[in-house]
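In case you want the letters, here they are:
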Amino acid sequence: MRIVSYNVNGLRSAMTKGFVDWLKTDPGDIICLQEIKAQKDNVNYRLFEDLGYEHYWFPAQKKGYSGVAVLSRITPDNVQYGNGFMQSDAEGRVIRLDFKDITLLNTYMPSGTSGDERQTYKYQWLEEFFGYVGILRETRPNLVICGDYNICHKPIDIHDPVGNKKSSGFLPEERAWLDRFFESGFVDSFRHFNPDPHQYSWWSVRSNARANNKGWRIDYINVSAPLQSRLKHAEIFQQVCHSDHCPVYLELHP
C-alpha cells in the first residue's frame, strides 16, 4: 500500500500547474488531499477516473475553503465523512477510509496563524481529535493518520526554531500535543527512516523560502504502533511543486 498525503492549497489551482500529469507518474495507490478548496462538481474528476482512481470528497460548507478528498485505486470497505464534531465537519477536516484491517484518516488540522480565535479553536480541535482517535483505536487498532497537521514537532523540523518559537505551528502547547500523540502509541513514519535535518514539506511564499529551503515539516503520515513492523519506506517529495506544500509518502508492507 503506497500512500501519499498532499496539501494542494486549492485543487483546481494545482491542476493548472501539472497535478494530473504528476498523477500519471503513478506516485501512489492512495492520494490523500487537503485544503482542496473545491466541491466535487466544480472539478474535472473524470481525469482522475481515467487514471484508475476512485474519489471520495469531504469539502467544507464554505466555498473555496478547507476540505479533504481521497483518490484511491484500492476500493475501501467503508468510508466515513467527518469525525462527528460540528465545526470540524462543517470545515471538511476529516475523512475515514477502511481498507481491510487498516483504517486511514485523512486530516486537515486547523491553522492558528490568522489570530487568537483560530488558535483557540485549533487547541479545541486537537483535543477533540485526540479523543476521537482514542475511541476509534478500540475497534480499529491499525491506524494511519495522514495530512497537514499544521505543527512542527521538533527543532529539526523547522528551519529557524529560535526565531519561530512564538509562531503558531511551533508553539510549546502544540508541540506538547504531538508529544502526547506519539507517546500514546503512534510512530512518525518519516523520522522512522530519516533522521536528517532540512527535510521540509511547506515553505512560505515570501522571501524565496522554497528556493532557499527555509521550510517547515508540518505534513505527516503517522501510524499506530501495531503497524510499525509493516513500515517499508517513507519520503518527502520536495521536488514536486503544485502548491506551497509538497507531497509526503509512505509505503506499507501487506
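See the structure printed just above.
Residues numbered from 1 in each chain as written. Predicted model: local features only at pLDDT ≥ 70, side-chain atom pairs only at ≥ 80, totals over all residues. Heavy atoms only, no water.

**Student:** So what exactly am I meant to see when it comes to the side chain of E91 here?
**Tutor:** Considering the arrangement of structural elements, one finds E91 in the loop between helix 4 (86–90) and strand 6 (94–99). Among the residues examined, E91 registers a relative accessible area of 9% and is labelled buried. Excluding residues within four positions of it along the chain, E91 makes contact with A60, Y65, S66, G67, R118 and Y121. (Helix = DSSP H or I, 4+ residues; strand = E, 2+ residues; numbered from the N terminus. Buried < 20%, exposed > 50% of the residue type's maximum accessible area, 1.4 Å probe, protein only. Contact = heavy atoms within 4.5 Å.)

**Student:** I'm lost on the environment of V68 in this one. Help?
**Tutor:** Mapping V68 onto the fold places it in strand 4 (residues 68–72). On the basis of relative accessible area, V68 is assigned to the buried category, the value being 0%. Along the sequence, V68 and E91 sit 23 residues apart, while their C-alpha atoms lie 9.3 Å from each other.

**Student:** Explain the pattern of salt bridges here, please?
**Tutor:** Side chains bearing opposite charge may pair, as long as their charged atoms lie close to each other. Within the structure shown, the criterion is met by 17 salt bridges. Taking the shortest distance from any N to any O, the salt bridge between D26 and R2 comes out at 2.9 Å. Here the residue D26 occupies a position in the loop between helix 2 (19–23) and strand 2 (30–34), and R2 occupies one in strand 1 (residues 2–7), the gap between them amounting to 24 residues. Of the residues examined, D26 reaches a relative accessible area of 32% and is grouped as partly exposed. Looking at R2, the relative accessible area reads 18%, which means it is buried. (Salt bridge = Lys/Arg side-chain N within 4 Å of Asp/Glu carboxyl O.)

**Student:** Would you take a moment to explain the pairing of strand 14 (residues 248–252) for this structure?
**Tutor:** Working note: regular strand, side chains alternate between the two faces of the sheet. Strand 14 sits mainly inside the fold: five of its five residues count as buried. Alternating positions in strand 14 separate into two faces, V248, L250 and L252 on one and Y249 and E251 on the other, with burial throughout. The pairing of strand 1 with strand 14 spans four bridges and is classified as antiparallel. The residue of strand 14 that forms the bridge with R2 is E251. Where strand 13 (residues 231–236) lies against strand 14, five bridges are found, and the strand directions are antiparallel. (Pairing = 2+ DSSP bridges.)

**Student:** Looking at this structure, I do not really get the sheet that holds strand 6. What am I missing?
**Tutor:** Across the sheet, six strands lie side by side as 5-6-7-8-12-9; this open sheet has mixed pairing. Sheet topology places strand 5 (78–81) and strand 9 (186–188) at the edges, where each strand pairs with a single neighbour. Each adjacent strand pair in this sheet contributes to an overall mean axis angle of 20°, direction not counted. Across four bridges, strand 5 lies against strand 6 in antiparallel orientation. (Axes fitted to C-alpha atoms, helices over the stretch in contact; angles between N-to-C directions.)

**Student:** Which parts of the structure should I look at to understand the nonpolar core?
**Tutor:** Grouped burial of nonpolar side chains is what soluble globular proteins tend to show. One finds I3, L104 and V144 to be the most contacted residues of the largest nonpolar core, which totals 30 residues. Setting aside anything within four residues of it in sequence, one finds V144 in contact with I3, I102, T103, L104, L105, I221, N222, V223, L227 and L252. In this structure, V4, Y6, M15 and L33 belong to the second largest nonpolar core, which totals 25 residues. (Core = buried A, V, L, I, M, F, W, Y, C linked by side-chain atoms within 4.5 Å.)

**Student:** What is the right way to look at helix 6 (residues 172–183) in this model?
**Tutor:** Each α-helix winds once per 3.6 residues, and so residues spaced three or four apart point in a common direction. Between the first and last C-alpha of helix 6 there are 16 Å, a value that for 12 residues agrees with the 16 Å anticipated at 1.5 Å per step. Taken together, the buried positions of helix 6 are E174, W177, L178, F181 and F182. Within helix 6, the buried residues cover an arc of 130° as seen down the axis, which keeps them to one side. Residues of helix 6 that are exposed and angled more than 90 degrees away from the buried face: P172 and E183. Where helix 6 is buried, its residues meet helix 5 (116–139), strand 8 (143–148), strand 9 and strand 12 (219–224). Looking one or two residues beyond helix 6, the residue adopting positive phi is G185, at roughly 120°. (Expected span 1.5 Å × (residues − 1). Arc of directions from axis to C-beta.)

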